[in-house]
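Here are the chains, one letter per residue:
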Protein chains: 2
Amino acid sequence: MQAIIRWSEMTPEAQQQALERPVQAVSGTLKTQVASIIDAIAEQGDQAFLELTARFDGVTLTRPELPMARVQALAEQTPDAVKRAIDIAYTNIRTFHTAQQPQNIQVTTMPGVICEQRFAPLQSVGLYIPGGSASLPSTVLMLGVPAQLANCPTRVLISPPNAEGELTPAICYAALRCGILAVYLGGGAQAIAALALGTETIPAVDKIFGPGNAYVTEAKQQVSQRVGGPAIDLPAGPSELLVIADDTADPAFVAADLLSQAEHGPDSQVICVSPSQALLEGVQQALAIQLAALPRQTIATQAMAASSLILTDSMQTAVNISEAYAPEHLSVQVSEPEPWLAQLTRAGSIFVGHYTPESGGDYATGTNHVLPTYGFARNYSSLGLLDFYRRYTLQTVTPAGLQDLGQAIIDLAAEESLDAHLRAVSLRLESERFQQDLALNSAANGQKEPS
Amino acid sequence: MQAIIRWSEMTPEAQQQALERPVQAVSGTLKTQVASIIDAIAEQGDQAFLELTARFDGVTLTRPELPMARVQALAEQTPDAVKRAIDIAYTNIRTFHTAQQPQNIQVTTMPGVICEQRFAPLQSVGLYIPGGSASLPSTVLMLGVPAQLANCPTRVLISPPNAEGELTPAICYAALRCGILAVYLGGGAQAIAALALGTETIPAVDKIFGPGNAYVTEAKQQVSQRVGGPAIDLPAGPSELLVIADDTADPAFVAADLLSQAEHGPDSQVICVSPSQALLEGVQQALAIQLAALPRQTIATQAMAASSLILTDSMQTAVNISEAYAPEHLSVQVSEPEPWLAQLTRAGSIFVGHYTPESGGDYATGTNHVLPTYGFARNYSSLGLLDFYRRYTLQTVTPAGLQDLGQAIIDLAAEESLDAHLRAVSLRLESERFQQDLALNSAANGQKEPS
């Protein structure tokens with residue numbers, strides 16, 4: 001049975017240790033393997049890509065792409081219930097991400113000095129969907145919907161082929177819903193390398209999105225460090241859930257949520273924090289019962305072994321623990337969540353109340369399930385529509401604006417000993433053209449705004 | 001005299017080469033040096049920090065911080081003209097960045113399913129200001145104003161000490177304007193390592209901002225790759241300016257802008273693209289005249305040697321070249337800029353018209369001068385207020401919401417073979433508590449919204 005640990009009786013060191021994440025050491029061997037896969041794609045493009053796919057995915061393909069006609073045919077094989085579920089999830093995700101649409105800004109910072117911030121969609125994005133045996137249409141939606149809303153002109157999907165050298169119907173159906181423009185079959189470091197560098201068939205993209213195994217993660221890091229390399233969405237790590245529960249929580253609900261996280265993988269982290277001993281004892285018992293009935297019992301058991309049920313002296317301490325841990329997923333199953341939510345900001349996504357299972361956000365509430373994990377919830381954002389745009393600025397200075405602002409630029413450039421910066425202003429101010437245009441400018445303004 | 005190259009007469013290879021950036025190879029030696037500096041700070045904290053500062057900056061300090069009382073005293077020594085210039089720049093930067101304030105979002109994606117996106121300021125930010133001999137108050141403003149507006153609770157500044165073991169009055173004055181809470185004296189990899197890992201004196205921060213030399217850049221990369229490491233603002237590279245000019249442009253203005261970029265460093269990239277041969281010939285002559293009078297003539301001459309004046313067959317080609325190059329700074333000195341601006345999105349910051357010198361944005365228009373360079377303007381954003389916040393999401397599902405949404409979650413979890421995910425929903429739907437709460441929920445809604 002999962003042990004309950006008493007926070008107030010622990011030393012600060014033991015407390016810190018209880019919240020420590022398993023070390024994700026990337027071996028030198030893996031780094032070297034990934035580097036040579038990237039080199040192979042750089043040098044031999046499609047040929048290397050197909051060879052590596054044959055070697056690692058055990059599927060021999062004649063070309064990297066899954067033609068859109070075939071994607072269409074496969075999508076039609078999706079069972080109706082799954083189609084309907086994808087449609088509901090698609091609509092909710094689309095509704096929530098549409099509300100995130102950025103607005104351009106124009107500000108006159110002083111008379112004659114107009115500054116703008118504009119948003120442009122990324123030109124090309126590559127969406128990596130892990131897979132092989134599994135079918136992950138939800139990840140297609142989480143990456144594909146914002147790419148579609150941002151209207152990124154090039155949006156391609158890549159995913160490891162199944163034994164038939166294709167993708168599952170559900171993935172194809174979700175891809176079509178999101179208006180994916182091309183689909184490629186490949187996985188691991190070779191898929192990331194192909195998206196980063198391009199091959200004869202696969203376009204090089206400006207940003208790569210999507211989760212993956214250690215090879216995918218390492219390849220994303222390596223390509224993003226290359227000169228002119230693509231941006232990447234988020235640093236990766238194993239999935240996590242922290243539940244804050246009080247004595248109004250249902251132990252069976254809490255246990256079910258903990259296990260839904262634990263089944264992701266043996267390195268998943270699961271923590272329940274509560275000021276109620278009765279609740280934690282109920283969770284202990286519910287975990288034992290529910291675990292026994294799970295198909296992925298072995299994985300979940302391994303994950304639970306590294307996880308904790310923490311008894312605190314108060315709700316405030318429970319909240320403090322969550323803020324210190326900064327979980328990817330945070331479930332708040334307490335009677336009055338609102339006051340605590342004002343303090344709970346260091347999490348990827350927060351699930352509020354007794355009827356908001358964490359799996360709801362994984363699939364269908366509308367929030368994105370690509371979230372910062374491994375403590376990165378303290379300094380990285382959850383994936384959202386903004387990640388598919390670039391922000392850039394513009395400024396327009398009129399002659400009158402330069403007359404007013406010029407001296408400040410000159411004085412700062414002088415302070416920083418950058419004379420050419422200074423002269424780019426003084427040379428304009430001293431020019432005949434400036435005097436003429438200033439007069440024209442004033443006359444025009446005078447006409448528009450007679451005093 | 002700077003050569004004019006004719007775009008339409010060049011092979012595609014030669015065109016590509018003309019827009020290629022100088023390779024910024026980071027040597028293995030530098031990487032190893034930086035790694036051992038990070039290790040030294042990790043192991044010996046302040047002691048290593050002070051030793052490295054003595055070794056690399058030639059200044060022996062007794063402690064890493066510059067006490068705020070001393071910052072205050074130094075700030076008072078700032079000349080009035082510089083104070084006034086900093087005040088104007090501060091106000092404009094503050095005005096423009098205030099307009100970037102993000103808004104929380106709440107959306108009911110379907111009845112009983114409420115999704116939110118909230119923004120929280122980063123808890124702690126570290127601002128690196130390069131320096132030593134130079135005084136760069138403008139960079140203090142560009143990093144300090146948004147940190148202040150976001151109200152990040154911990155915001156500290158670190159900069160290499162001058163010969164007196166202090167910072168310039170202007171830096172201190174700017175830091176006080178931005179409400180910097182602590183100032184530390186150090187530079188290079190040791191400064192970045194201290195901000196990333198913390199020492200006895202210097203706090204570890206969640207995100208590190210600011211430009212720097214090759215050691216600083218490499219250190220930022222290395223610490224951001226560490227487990228639990230800080231986020232960083234942007235990948236770095238040498239500064240760049242591309243000017244698009246037509247025959248209404250003033251050759252002297254264009255030349256002055258090109259030189260203001262060229263004086264940054266021998267590796268600065270400067271390109272002028274124009275469909276007007278007369279304009280380019282004018283720029284050639286103006287460059288020769290203005291260059292001869294520059295204090296930083298040697299640096300600017302080196303930079304100009306690797307730079308190009310490109311004659312195109314049309315404005316459209318000039319615009320296409322800019323989009324392919326994706327410059328950090330883009331100056332558009334043409335008679336009718338507006339139609340072209342709709343196409344020009346791949347740049348860090350755009351300077352519109354004849355009276356908007358690039359140095360205006362470096363200092364005082366209000367836009368941020370921390371920009372993606374080295375081609376990253378195609379996939380990274382210019383620094384803005386949003387970079388000092390984290391986005392995270394929340395969702396609240398009511399019993400009625402779960403009743404409607406539950407089946408979609410169940411069907412998707414089944415498709416993805418994640419049974420515990422499925423059971424977290426079915427177990428709730430099948431519970432007695434759910435039926436009771438659903439009835440209560442409906443009754444409450446019935447009272448609120450009588451039909």
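What counts, and at which threshold
- Residues numbered from 1 in each chain as written.
- Chains lettered and ligands numbered in written order.
- Predicted model: local features only at pLDDT ≥ 70, side-chain atom pairs only at ≥ 80, totals over all residues.
- Heavy atoms only, no water.
- Pairing = 2+ DSSP bridges.
- Helix = DSSP H or I, 4+ residues; strand = E, 2+ residues; numbered from the N terminus.
- Core = buried A, V, L, I, M, F, W, Y, C linked by side-chain atoms within 4.5 Å.
- Buried < 20%, exposed > 50% of the residue type's maximum accessible area, 1.4 Å probe, protein only.
- Contact = heavy atoms within 4.5 Å.
- Axes fitted to C-alpha atoms, helices over the stretch in contact; angles between N-to-C directions.
- Parallel < 35°, antiparallel > 145°, perpendicular 65-115°, else oblique.
- Least-squares fit on C-alpha atoms with pLDDT ≥ 70 in both.
- Polar contact = N/O pair within 3.5 Å; in protein donor to acceptor, adjacent residues only side chain to side chain.
- Domains from an automatic or database assignment.
- Buried area = accessible area lost by both parts, 1.4 Å probe.
- Salt bridge = Lys/Arg side-chain N within 4 Å of Asp/Glu carboxyl O.

(A) The arrangement of the sheet that holds strand β5 (residues 124-128) of chain B in detail. Residue and element names in this part refer to chain B. The six strands are arranged β2-β7-β6-β5-β8-β9 in an open sheet whose pairing can be described as mixed. A strand with exactly one partner marks an edge of an open sheet, and here the two such strands are β2 (65-66) and β9 (231-232). Sheet analysis places β2 next to strand β7 (residues 182-185), joined by two bridges and oriented antiparallel. The partner of Leu-66 across the bridge, within β7, is Val-183.

(B) Local environment of the nonpolar core. Grouped together as the largest cluster of nonpolar side chains are 204 residues, with contacts concentrated most on Leu-141 and Phe-388 of chain A together with Leu-141 and Phe-388 of chain B. Residue contacts for Phe-388 of chain A: discarding those within four places in its chain leaves Ala-120, Pro-121, Leu-122, Val-125, Leu-127, Leu-143, Pro-146, Ala-147, Ala-150, Cys-152, Phe-209 and Leu-383 of chain A.

(C) Local environment of the packing of helix α10 (residues 277-292) of chain A against helix α11 (residues 297-305) of chain A. All names here are of chain A. As a packed pair, α10 and α11 sit with axes 9 Å apart at the nearest point and diverge in direction by 150 degrees. One element, α10, and the other, α11, form an angle in the roughly antiparallel class. Listed contacts from α11 to Leu-287, Leu-291 and Ala-292 of α10 are Gln-297, Ala-300, Thr-301 and Met-304.

(D) How the structure looks around the relation of the copies chain B and chain A. Mapping chain B onto chain A calls for a screw motion: a turn of 180 degrees about the axis and a shift of 0.0 Å along it, with 0.0 Å RMSD after fitting. Both copies are brought into coincidence by an operation consistent with a two-fold rotation axis. A high fraction, 100%, of the interface residues of chain B reappear at the interface in chain A, so the copies pair face to face through one surface.

(E) Looking closely at the side chain of Gln-100 of chain B. Note on placement: Gln-100 of chain B falls in the loop between α4 (80-98) and β3 (105-110). Side-chain polar atoms of Gln-100 of chain B contact the backbone oxygen of Phe-96 of chain B, separated by 3.5 Å. Residue contacts for Gln-100 of chain B: discarding those within four places in its chain leaves Ile-105 and Gln-117 of chain A together with Gly-384 and Leu-385 of chain B.

(F) Broad picture of the domain arrangement of chain A. Along its sequence, chain A is organised into domain 1 (4-24 + 238-366), domain 2 (28-236 + 386-390) and domain 3 (398-448). Using C-alpha coordinates to define each centre, domain 1 of chain A is positioned 61 Å away from domain 3 of chain A.

(G) Spatial organisation of the interface of chain B and chain A. Between chain B and chain A, the residue contacts involve 129 residues of the former and 129 residues of the latter. Interface area, chain B with chain A, both sides summed: about 10900 Å², of which 57% is carbon and sulfur. By the criterion of area lost to chain A, the three top residues of chain B are Tyr-355, Arg-391 and Arg-428 of chain B, representing 8% of everything that side buries. Where chain B packs against chain A, one counts eight salt bridges. The salt bridge partner of Arg-346 of chain B is Asp-206 of chain A, with a shortest N-O separation of 3.7 Å. At the junction of chain B with chain A, the criterion picks out 78 residue pairs in polar contact (both at pLDDT 80 or more). The sheet contact formed by strand β15 (residues 389-397) of chain A and strand β14 (residues 349-352) of chain B spans four bridges and is parallel.

(H) Representation of the sheet that holds strand β2 (residues 65-66) of chain A in the model. Residue and element names in this part refer to chain A. With mixed pairing, the six strands of this open sheet are ordered in space as β2-β7-β6-β5-β8-β9. Of all strands in the sheet, those bounded by a partner on one side alone are β2 and β9 (231-232). Pairing of strand β6 (residues 154-159) with strand β7 (residues 182-185) involves four bridges; the strand directions are parallel. Bridging from a neighbouring strand, Ser-159 pairs with Leu-185 of β7.

(I) Representation of the side chain of Ser-276 of chain A within the structure. Along the chain, Ser-276 of chain A falls in the loop between β11 (269-274) and α10. Contacts of Ser-276 of chain A, omitting those with residues within four sequence positions, involve Asp-246, Asp-247 and Leu-311 of chain A.

(J) Region of the structure containing the environment of Thr-373 of chain A. Residue and element names in this part refer to chain A. Position of Thr-373 among the secondary structure elements: in the loop between α14 (358-363) and β15. With 25 residues separating them in the primary sequence, Thr-373 and Gly-348 have C-alpha atoms 7.3 Å apart. Thr-373 has contacts with Ala-236, Gly-237, Pro-238, Ser-239, Glu-240 and Glu-328, leaving out every residue within four places of it along the chain. Of the polar contacts made by the side chain of Thr-373, one reaches the backbone oxygen of Pro-238; its length is 2.5 Å.

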